[in-house]
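Remarks on the overall topology
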Amino acid sequence: MRALHLQGLCVLLALAAGSARAQTMLDQEIKLIEIHSALLALQPDNAPGAYQPGDLSLRLELIGIPTINGQTGGKFQFTASDKTFAFPRPRLALGLPAPDGFRAFVGISYIPPITIFGVNEQLGALETGLAWAPPDSRFTVGIRGQVLASRSETSVTDPNTRDTLDTFQFGGDVSAGYRFDLGAASVTPFAGVGVTHLLGNFRITSDNVLLRSRTTDLDVTGGLRLALRPGLEAVAEVVAFPGVLVHPSFTLAWTFDLLSKR
């Protein structure tokens, strides 16, 4: 009898585990909200300590979009990867005064409400960071905080309607980089890890249903910065939200000194 009871308990536990793993259509829709919110996240975009006081960096980031499976139950919803393979985001960074051996910066990003490839996107973001960057060291370590709000309008559930995704997110990360000087140029590999809290509200226009996603996700970034003179640079990154999303991004920038010529 004891063996039968033990077998019965194992069966119940297996059934409970299988039930916990099963995803409903609602679970899948909420996961799609999380994926699209993570796609907008404001990643480091550069190695720590890259900006000296007075540096103004005009940046254009191209965010790659991986293939996103839009299946929810027996339906297939439109996703970002059905619209385009990448989308651009302008960014601006300003180097701030900092104590000796440190560098600080503040950055902004803004996308006006324009429609491209059937997607109307409006986005605003703010970031700030502080890095340990002694003049006699090629190694830098930095911390950064960021906050972002956006609204995306496009056809998702029905090609004849425009659904809305409102995203708000905030988080922070730590990163480290090491610079290799190559004559007039330099190469800096860098990596960072952080946490981002994502809040996504998705409204289905056809039946006025509101779906909400609230998650706190680990994010990992690895990148390579190529700096050229005078003031030109390119950055390639791979951004990962484990279990959620992995995608590349590329940045071209022109940086100049507002205070004086160095």
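Only a predicted model underlies this, so the values are computations on that prediction, with no experimental measurement involved.

This brings us to the layout of surface pockets. Size it by volume and the largest pocket reaches roughly 1100 Å³. Lining the largest pocket are 43 residues, with Ala50, Gln52, Asp55, Arg103 and Arg225 positioned closest to its centre. Where the lining of the largest pocket is concerned, the elements lending two or more residues are β5 (102-116), β8 (163-178), β9 (180-182), β10 (185-204), β11 (209-228), β12 (232-241) and β13 (245-257). Of the residues contributing to the lining of the largest pocket, the split by class is 19 nonpolar, 12 polar and 12 charged. There is about 670 Å³ of room inside the second largest pocket. In this structure, the second largest pocket is lined by 34 residues; those nearest its centre are Ala80, Val119, Glu121, Ser152 and Thr154. Every element with two or more residues in the lining of the second largest pocket is listed here: α2 (25-39), α3 (80-83), β4 (86-96), β5, β6 (119-132), β7 (139-154) and β8. Across the lining of the second largest pocket, the residue classes tally to 21 nonpolar, 8 polar and 5 charged.

Going through the model one piece at a time under the given rule, you end up with 13 salt bridges. Residue Arg59 is joined to Glu233 by a salt bridge in which the shortest nitrogen-to-oxygen separation is 3.0 Å. With Arg59 in strand β1 (residues 55-64) and Glu233 in strand β12, this residue pair connects regions lying 174 residues apart in the sequence. This pair shows no difference in class: Arg59 is buried, exactly as Glu233 is. Between Arg144 and Glu127 there is a salt bridge whose closest N-O contact spans 2.7 Å. Here Glu127 lies in strand β6 and Arg144 lies in strand β7, a separation of 17 residues in the sequence.

Once that is clear, we can look at α2. Spanning 15 residues, α2 covers 21 Å between terminal C-alpha atoms, matching the ideal 21 Å at 1.5 Å per step. For α2, the full list of buried residues reads Glu29, Leu32, Ile33, Glu34, Ile35, His36, Ser37, Ala38 and Leu39.

Here we take up unusual backbone geometry. In this model, Asp45 sits at a positive phi of 70°, which is unusual for a non-glycine residue. Along the chain, the position of Asp45 falls in the loop between α2 and β1.

If a probe the size of a water molecule is rolled over the atoms, the empty space left behind becomes visible. Per the counting criterion, the structure on display carries 2 cavities of 30 Å³ or more. By volume, the largest cavity is sized at about 210 Å³. With 4 residues, β6 is the single largest residue contributor to the lining of the largest cavity. Of the voids in this model, the second largest cavity is the one considered here, and its volume is about 30 Å³.

To continue, consider the packing of aromatic side chains. Geometrically, a pair of aromatic rings is defined through the distance of the ring centres and the angle of the planes. Counting across every chain of the model gives 5 aromatic pairs. Where Tyr51 meets Phe105, the ring centres are 5.5 Å apart and the plane angle is 50°; that geometry is what we call tilted. Highlighted residues: Tyr51 in the loop between α2 and β1 and Phe105 in strand β5, separated in sequence by 54 residues. There is no split in this pair, since Tyr51 and Phe105 are both buried. Geometrically, the ring pair formed by Phe168 and Phe170 is tilted, given 6.0 Å between the ring centres and 50° between the ring planes. Phe170 sits in the partly exposed class, given a relative accessible area of 39%.

Attention now moves to the pairing of β1. With 7 of 10 residues buried, β1 is to be regarded as a mostly interior element. Inspection of the sheet shows β1 paired to β13 by 9 bridges, in the antiparallel sense. Paired with Asp55 across the bridge in β13 is Asp257. In this structure, β1 lies alongside β4, joined through 9 bridges in antiparallel fashion. Bridging from a neighbouring strand, Leu60 pairs with Pro90 of β4.

Criteria and thresholds
- Residues numbered from 1 in each chain as written.
- Predicted model: local features only at pLDDT ≥ 70, side-chain atom pairs only at ≥ 80, totals over all residues.
- Heavy atoms only, no water.
- 1 Å grid on protein atoms, 1.4 Å probe; cavity = no way out; pocket = protein on both sides within 12 Å on 5 of 7 lines; lining within 4 Å.
- Points joined across faces, edges and corners; volume = space filled by probe spheres on them.
- Helix = DSSP H or I, 4+ residues; strand = E, 2+ residues; numbered from the N terminus.
- Nonpolar A, V, L, I, M, F, W, Y, C, P; charged D, E, K, R; others polar.
- Salt bridge = Lys/Arg side-chain N within 4 Å of Asp/Glu carboxyl O.
- Buried < 20%, exposed > 50% of the residue type's maximum accessible area, 1.4 Å probe, protein only.
- Expected span 1.5 Å × (residues − 1).
- Phe/Tyr/Trp six-rings, centres within 6.5 Å; stacked < 30°, edge-to-face > 60°.
- Pairing = 2+ DSSP bridges.

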